[in-house]
Amino acid sequence: SGGAAFGIKLVKVGEKAGDVAAAGKYLPKEKILNGAKPGKVSSSRQYSKPGGLEQANKDFDALTVSGKIQDRGGGLKTAEMPDGSKVIVRPTSSGGQPTLEIQPLSGKPTKIRYD
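Residues numbered from 1 in each chain as written. Predicted model: local features only at pLDDT ≥ 70, side-chain atom pairs only at ≥ 80, totals over all residues. Heavy atoms only, no water.

> Sorry, what's going on with the overall build of the protein chain here?
A tally of helices and strands in the protein chain yields 4 helices and 7 strands. When its helices and strands are written in sequence order, the protein chain yields α-α-α-β-β-α-β-β-β-β-β. For the protein chain, with 115 residues in total, the buried portion stands at 38%. Counting only contacts in the protein chain whose residues sit at least 6 apart along the sequence, the fraction spanning at least 24 positions is 39%. Roughly 6,200 Å² of accessible area belongs to the protein chain as shown, and the carbon and sulfur atoms make up 52% of that amount. (Helix = DSSP H or I, 4+ residues; strand = E, 2+ residues; numbered from the N terminus. Buried < 20%, exposed > 50% of the residue type's maximum accessible area, 1.4 Å probe, protein only. Contact = heavy atoms within 4.5 Å. Areas by Shrake-Rupley, 256 points an atom, 1.4 Å probe, with all protein chains shown as cover.)

> Can you walk me through the nonpolar core in this structure?
Soluble globular proteins: nonpolar side chains tend toward being buried together. In terms of nonpolar packing, the biggest core is built from 16 residues, with I32, F60, L63, V87, L100, I112 and Y114 touching the most fellow members. Broken down by secondary-structure element, the contributors of at least two residues to this core are α4 (52-63), β5 (86-90), β6 (99-103) and β7 (110-114). Per-element tally for this core: the top contributor is α4, with 4 residues. (Core = buried A, V, L, I, M, F, W, Y, C linked by side-chain atoms within 4.5 Å.)

> How should the sheet that holds strand β2 (residues 45-49) be read in this particular structure?
Within a beta sheet, neighbouring strands are joined by backbone hydrogen bonds and run either parallel or antiparallel to one another. Taken in spatial order, the 7 strands make up an open sheet running β1-β2-β7-β6-β5-β4-β3, and their pairing is mixed. Edge positions in the open sheet fall to β1 (37-41) and β3 (68-71), since each of these has one partner strand only. Adjacent strand axes in the sheet meet at a mean angle of 20° when their direction is disregarded. Sheet analysis places β6 next to β7, joined by 4 bridges and oriented antiparallel. If you follow I102 over to β7, its bridge partner there is T110. Seen against the sheet, α4 touches β2, β3, β4 (77-80), β5, β6 and β7 and runs at an angle of roughly 160° to β5. (Pairing = 2+ DSSP bridges. Axes fitted to C-alpha atoms, helices over the stretch in contact; angles between N-to-C directions.)

> What should I look at first to understand the side chain of S93 in this one?
Mapped onto the elements, S93 comes out in the loop between β5 and β6. Beyond its immediate stretch of four places on either side in the chain, S93 contacts T99 and R113.

> Which parts of the structure should I look at to understand the pattern of salt bridges?
As a working rule, side chains carrying opposite charge can pair if their charged atoms are close by. All chains considered together, the criterion is met by 4 salt bridges. Here D59 and K49 are joined by a salt bridge, their closest N and O atoms 2.8 Å apart. Separated by 10 residues along the polypeptide, D59 in helix α4 and K49 in strand β2 bring together distant segments of the chain. The same class applies to D59 as to K49, namely buried. One salt bridge connects E101 with R90, and the closest N-O pair in it is separated by 2.8 Å. With a gap of 11 residues between them, E101 in strand β6 and R90 in strand β5 connect regions that are remote in the sequence. Here E101 matches R90 in class, with each residue buried. (Salt bridge = Lys/Arg side-chain N within 4 Å of Asp/Glu carboxyl O.)

In structure tokens:
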């Protein structure tokens, strides 16, 4: 499924992203969606998940261990993954919640809004 194509690293609760990179474990996008409730589907697939900005940043770190990360200031971070897909975390969205967005090379992006 989408995880292997993403080249995403697996993070267990309590592990740091750096430790995970060294261990070389993979995490499919579906793992990040655990505990998320499906929401609106339009030009993107949207989910809501508890945890606020802290959880959004943890999920970003878990997804982007193998990516080229750029801190764009103001809490906005982007990562380009080895397969060319993009992962973005931002502190607010149009609805005001922190958001993690996964932009695959093809298909609809996935947005997770954190309550």
